[in-house]
Amino acid sequence: MEPSSDGCQCGGWNVVPGPGVRAPGGDLGPGMLAPVAAGPGSEVLAPEGPVPGMHAPDGPVPGMHAPDGPVPGMHAPDGPVPGMHAPDGPVPGPQDSSSSSSRRRRLRSPTSRSRWLHPTALLCLCGFFSNVRPSEPFLTPYLLGPDKNLTEQQVKEVFPVWTYSYLVLLFPIFLATDYLHYKPVIVVQCAALMATFFMLLYARGLLAMQFMEFFYGMVTASEVAYYSYIYTMVDFNMYQKVTGYCRCATLVGYTVGSIVGQILISFTVLSLFHLHVISLVCAAVAFFASILLPMPQKSIFFHRVIRDCNSKDIRDEGARSSSKGLESSSLLSCGDAEKLVHSHLLKPTDANPYTHRITNKTPLKGIYHVLALLWKTLMECYSSGTLLCWSVWWALSTCGYFQILNYVQILWEKIYPSQNSQVYNGMVEAASALLGAVAAFIVGYIKISWSMWSEVALLIFSTVIVAVLYIMATVQHIWVCYSCYIIFRIIYMMLITIATYKIAANLSVELYALVFGVNTFIALVLQTVLTLIVVESNMLNLTIFGQFLAYTVYFAAIAMLFLIFGAYSIMKKYSGEVRTAENSSECRDSKQEVVPGCEQDEYL
């Protein structure tokens, strides 16, 4: 484009000076043209600053028309332009989207931050103090000691009640958690924990201790409310962060409680009774923190918020209920399970001016629909081979893990009686928890194709667990037993982290809670069967060393199961590669005719 004295050539159109515009004596500046009559292809660019010698016309310029839309290359000046007055009304035109979005972020940042920070802080406070239990590593010595004066056989009759109550209460509490909006169940959990420690302090006798285990089963069954509550209070992009905070709070609380208990027992004159007093006080602090939690206005299955007061779709913060969420749900590894959830959700039947909630005037009918939804969703999820493999390991290993945690203190007491010597149960529990957390953290950074090596890894580590359990049952030395227990917990926490990632990698929040709830329920069913066979007096009624030999056989069976799975997976993969290679060879050999299936096999 070359300027001339008569005008300029703009995109094939001659633009000449017209009345009402006086051109300056010098250049207009970079990219500045002074057209008067607009023509197709002409472009008007604003100068970088005020142009000397150029004045705004007193009235409209004949032949000059305002563009219909934004003018390419035109930018708003940084300050006021001399001779230009602000219009009386809004001026249509482009806006600086980046600056306006940053201003919006600045304006809503404090509110958005307080929305997730307040409930997360209270929930972490509740989780921390509910897990500060200095007395827990010394429960068996306390029951066998002068405070409760139970025999070893009576203690073996007390612990199974926790398994049975956990199993019976898990599914009803899972449904009640969603129906009652989470907070009431968390409050009940903390109240049941207070009742547990109160009975440990002041109740006596076998029956009272069995009732104490029932309340503790209620505590553990209600953990689903603690880990699900926060998803109904924060935005979806905060899920990973708040999940880490809540789980870290429980881990730190348990570690601090174990260390405090060990220090008080080793270096002070406090008795085990005083440790239970400290545990009760911490449970009371957790109870008051749970009361202060905000009440969620929605839940995952029974009370899903669908629309706002203007009947416009809003994002469900506990799940992806928008149209974008439905589009992205096709990426799920368990067969469009999230889309299945949303397509089968109940239609809202009652409303208020602000929200529609999924409820039903007949509770039984609503529960029936939710159960039908849960069943169809589970069938879709477990149709995935990878998810099924890791879920099977989750259920089987969690059963053995619960059983060992339940009875390992009896084994320690049998090998090294606490009445005659100093025990270090608290130190061992704290060390195993911390090292297990470190192993779980490290495994997140290991780059391994778990889809290829999952069965092999589960086989190898299950074999290591078999070895350490056998040593615990046969080598009756307390420090060897402590070391094997630490190794066992490290391996379990590492593998359970991998299993959690593999199962939950592509699941929405509602499916995450559902699948892990079902896996835990299956683990408790297996643990109940194992307890009835190994522990109960009317069955095998094995000694504590015989019990750990039985658990060794149990984990050996798990190792054999995944040996079979691994061999089948390798054979299936090898046969698939051979078949693909044969089809590729046929495709190369046939140059003129198309062999059926060649195109398809090339993309397998």
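Residues numbered from 1 in each chain as written. Predicted model: local features only at pLDDT ≥ 70, side-chain atom pairs only at ≥ 80, totals over all residues. Heavy atoms only, no water.

K.L.:
Just checking my understanding: could you explain the overall build of the protein chain for this structure?
P.N.:
The helix and strand tally for the protein chain stands at 18 helices and 4 strands. For the protein chain, buried positions account for 45% of its 604 residues. In the structure as shown, the protein chain presents an accessible area of about 32,000 Å², 65% of it carried by carbon and sulfur atoms. (Helix = DSSP H or I, 4+ residues; strand = E, 2+ residues; numbered from the N terminus. Buried < 20%, exposed > 50% of the residue type's maximum accessible area, 1.4 Å probe, protein only. Areas by Shrake-Rupley, 256 points an atom, 1.4 Å probe, with all protein chains shown as cover.)

K.L.:
Hey, could you run me through the packing of aromatic side chains in this one?
P.N.:
One pair of aromatic rings is described through two measures. These are the centre distance and the angle between the planes. Taken as a whole, this structure holds 22 aromatic pairs when the rule is applied. Between the aromatic rings of Tyr166 and Phe402, the centroid separation amounts to 6.1 Å while the plane-to-plane angle is 40 degrees, which identifies the pairing as tilted. In this pair, Tyr166 sits in helix H3 (residues 152-179) while Phe402 sits in helix H12 (residues 385-415), placing the two residues 236 residues apart along the sequence. With a relative accessible area of 6%, Tyr166 lands in the buried category. A residue is classified by how much of its surface remains accessible, and Phe402, at 16% relative accessible area, is buried. Considering the side-chain rings of Tyr226 and Tyr227, the 5.0 Å spacing of their centres and the 85 degrees angle between planes classify their relative orientation as edge-to-face. Overall, the relative accessible area of 25% leaves Tyr227 in the partly exposed class. What links up through ring pairs into an aromatic cluster is the set Trp162, Tyr166, Tyr216, Trp393, Tyr401, Phe402, Phe488, Tyr492, Tyr554 and Phe555. (Phe/Tyr/Trp six-rings, centres within 6.5 Å; stacked < 30°, edge-to-face > 60°.)

K.L.:
I tried to follow a nonpolar patch on the surface on my own but got confused; where do I start?
P.N.:
Residues Phe171, Leu371, Phe521, Ile522, Val525, Leu526, Val529, Leu532, Ile533, Met539 and Leu540 make up a contiguous nonpolar surface patch of roughly 870 Å² in combined accessible area. Take the nonpolar patch: its biggest share by element is 7 residues, from helix H16 (residues 509-534). Residue placement: Leu532 occurs in helix H16. (Patch = residues over 30% accessible without salt bridge, like charges linked within 9 Å, V, L, I, M, F, W, Y side chains within 5 Å. Salt bridge = Lys/Arg side-chain N within 4 Å of Asp/Glu carboxyl O.)

K.L.:
Would you take a moment to explain the nonpolar core for this structure?
P.N.:
One broad rule of soluble globular proteins: the nonpolar side chains tend to lie buried together. Within the largest apolar cluster, 131 residues are counted, with the highest numbers of intra-cluster contacts made by Leu143, Met209, Trp393, Met472, Phe548, Tyr551 and Phe555. With residues near it in sequence (within four places) discarded, Phe548 still touches Ile404, Tyr407, Val408, Leu411, Leu469, Met472 and Ala473. (Core = buried A, V, L, I, M, F, W, Y, C linked by side-chain atoms within 4.5 Å. Contact = heavy atoms within 4.5 Å.)

K.L.:
Would you mind going over the packing of H3 against H12 with me for this structure?
P.N.:
Packed helices, taken two at a time, are described by their axes: the angle between them and the distance between them. Two elements in contact, H3 and H12, have axes separated by 10 Å at closest approach and are oriented at 165 degrees. It follows that H3 is roughly antiparallel to H12 by the angle criterion. Remark: the crossing between H3 and H12 carries right-handed chirality. Between H3 and H12, the contacting residues are Glu152, Val155, Lys156, Phe159, Pro160, Trp162, Thr163 and Tyr166 on the first element and Phe402, Asn406, Tyr407, Ile410 and Lys414 on the second. (Axes fitted to C-alpha atoms, helices over the stretch in contact; angles between N-to-C directions. Parallel < 35°, antiparallel > 145°, perpendicular 65-115°, else oblique. Left-handed = near helix turned anticlockwise from the far one by under 90°.)

So, to be careful, I would describe these as geometric facts and stop short of saying anything about function.
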